[in-house]
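So the chains spell out like this:
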Amino acid sequence: MSGRPLIGVSTYLEAGARWGVWELEAALLPAGYPRLVQRAGGLAALLPPDAPELAAATVARLDALVIAGGPDVEPVHYGAEPHPRTGPPARARDAWELALIDAALSAGTPLLGICRGMQLLNVALGGTLVQHIEGHAEVVGVFGSHPVKPVPGTRYASIVPEETSVPTYHHQSLDRLGTGLIPSAYAEDGTVEAVELPSAEGWALGVQWHPEMGEDVRVMRALVQAATASSTGS
C-alpha cells in the first residue's frame with residue numbers, strides 16, 4: 001500500500017434527517033469521526049448499514065475498521081430482557097456491525113470500537129452489558145468528561161501511558177467480558193473504560209469514551225499505524 005490507509009467507519013441510519021429544504025432518510029455520522037481519522041493520517045470511508053452477508057467483502061477493501069458510537073445494543077444479542085432505560089433497537093445497524101466485527105476479527109483487520117462500538121465488540125465475543133449506570137452521561141445531549149487510568153502492560157497503556165481525562169457520554173457499560181478480551185483502562189468508579197484482545201490475537205481495541213470529541217489523536221493514530229503495518233505485511 002502507498003499513501004494513507006483506508007479506515008472504514010460505521011454510520012447511523014436515521015428515518016429522517018433535515019438539511020436545507022430536505023428531510024429524508026439518511027445515513028449519517030457526526031463529523032468528528034472522519035475528522036479524527038483524517039487528523040490521525042487515514043482516509044475515512046463511511047459504511048452505512050448493509051446486508052450482513054456483504055460484511056466480509058466490505059472489510060476486505062479496508063485497511064482498518066471503526067465501529068462508531070450510537071444507540072444501545074439490543075439486549076437480545078446478549079440474552080437479556082430490555083431494561084426500562086434501554087433505548088429502542090437499531091436492528092439493521094446491530095446486524096451489520098456485528099457482521100463487520102466478525103469479518104474484521106476473522107481477517108485480522110485492525111479494529112477500533114468507540115462507545116457503542118466497544119460494547120458491540122464485547123457482545124460479539126459472547127460478553128454481556130450492564131444496561132444502565134449513573135454518572136457517565138450526566139446531561140442529556142451534552143458530553144461530559146472524567147479520568148481513565150490505563151492498565152500497565154496493555155496495548156492501550158503503550159498508546160496512552162498516563163491517566164487522562166476523556167470525553168464521555170454513555171449510560172451502559174460492560175458486564176461479563178467477551179472471550180479473549182482483557183480490560184485495559186478503568187474509570188475511578190471501577191467501570192471498564194477500554195478493552196482489547198492480546199496482541200497475539202490481532203489488533204482490536206475498544207474505548208468507552210468518545211475520542212472524536214477531543215483533541216487527543218493517539219488512539220486513532222495507533223489504529224492508522226496498525227492499518228499501515230497490516231497492509232504492508234510488516
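The preceding data block contains the structure.
Quick look at the structure, then.

The rules behind the values
- Residues numbered from 1 in each chain as written.
- Predicted model: local features only at pLDDT ≥ 70, side-chain atom pairs only at ≥ 80, totals over all residues.
- Heavy atoms only, no water.
- Helix = DSSP H or I, 4+ residues; strand = E, 2+ residues; numbered from the N terminus.
- Rg over C-alpha atoms; globule rule 2.2 N^0.38 Å.
- Buried < 20%, exposed > 50% of the residue type's maximum accessible area, 1.4 Å probe, protein only.
- Contact = heavy atoms within 4.5 Å.
- Areas by Shrake-Rupley, 256 points an atom, 1.4 Å probe, with all protein chains shown as cover.
- Lys, Arg positive; Asp, Glu negative; His and termini not counted.
- Charge placed at Lys NZ, Arg CZ, Asp CG, Glu CD.
- Pairing = 2+ DSSP bridges.
- Axes fitted to C-alpha atoms, helices over the stretch in contact; angles between N-to-C directions.
- 1 Å grid on protein atoms, 1.4 Å probe; cavity = no way out; pocket = protein on both sides within 12 Å on 5 of 7 lines; lining within 4 Å.
- Points joined across faces, edges and corners; volume = space filled by probe spheres on them.
- Nonpolar A, V, L, I, M, F, W, Y, C, P; charged D, E, K, R; others polar.
- Phe/Tyr/Trp six-rings, centres within 6.5 Å; stacked < 30°, edge-to-face > 60°.
- Lys NZ or Arg CZ within 6 Å of the ring centre and 35° of its normal.

For the protein, the helix and strand inventory stands at 6 helices and 13 strands. Rg of the C-alpha trace for the protein: 17 Å, near the compact-globule value of 17 Å for 234 residues, within the 12% margin. Along the first, second and third principal axes, the C-alpha atoms of the protein reach 50 × 45 × 35 Å. With 234 residues in all, the protein has 51% of them scored as buried. Considering only contacts in the protein between residues 6 or more positions apart, those separated by 24 or more positions represent 70%. Carbon together with sulfur atoms contributes 54% to the accessible area of the protein, which is approximately 10800 Å² in total. Of the side-chain charges in the protein, 14 are positive and 25 negative, and the distance between the mean point of each set is 6 Å.

With that settled, consider the sheet that holds strand E5 (residues 64–67). The strands that make up a sheet pair up through hydrogen bonds in the backbone, lying either parallel or antiparallel. Overall, mixed pairing links the 9 strands, which are arranged E4-E1-E5-E6-E13-E12-E11-E8-E9 in an open sheet. Each end of this open sheet is capped by a strand with a single partner; those strands are strand E4 (43–47) and strand E9 (164–168). Each adjacent strand pair in this sheet contributes to an overall mean axis angle of 25 degrees, direction not counted. By the bridge criterion, 3 bridges tie strand E12 (residues 192–196) to strand E13 (residues 204–207) in an arrangement that is antiparallel. Considered in E13, the bridge of Val 195 is made with Gly 206. This element, helix H3 (residues 91–107), spans strand E1 (6–10), E4, E5, strand E6 (111–114) and E13 of the sheet and lies at about 150 degrees to E5.

Moving on: helix H1 (residues 32–39). Listing the buried residues of H1 in full gives Gly 32, Tyr 33, Pro 34, Leu 36 and Val 37. Positioned one or two residues after H1, Gly 41 has a phi angle of 100 degrees, which is positive.

Right, let's get into the layout of surface pockets. Within this model, the second largest pocket holds a volume of roughly 160 Å³. Contributing to the lining of the second largest pocket are 13 residues, with Ser 165, Val 166, Pro 167, Trp 209 and Asp 216 lying nearest its centre. Mapped by element, the contributors of at least two residues to the lining of the second largest pocket are E9 and helix H6 (218–232). Residues of the lining of the second largest pocket, tallied by class, amount to 7 nonpolar, 3 polar and 3 charged.

On to the packing of aromatic side chains. Throughout the structure, instances matching the rule amount to 2 aromatic pairs. On the numbers, 5.5 Å between centres and 65 degrees between planes, the contact of Tyr 156 with Trp 209 is edge-to-face. Of the two residues, Tyr 156 sits in helix H5 (residues 155–159) while Trp 209 sits in the loop between E13 and H6, which places them 53 residues apart along the sequence. On the basis of relative accessible area, Tyr 156 is assigned to the buried category, the value being 1%. Judged by its relative accessible area of 4%, Trp 209 is buried. Above the ring of Tyr 12, the side-chain terminus of Arg 93 is found at 4.7 Å from the ring centroid.

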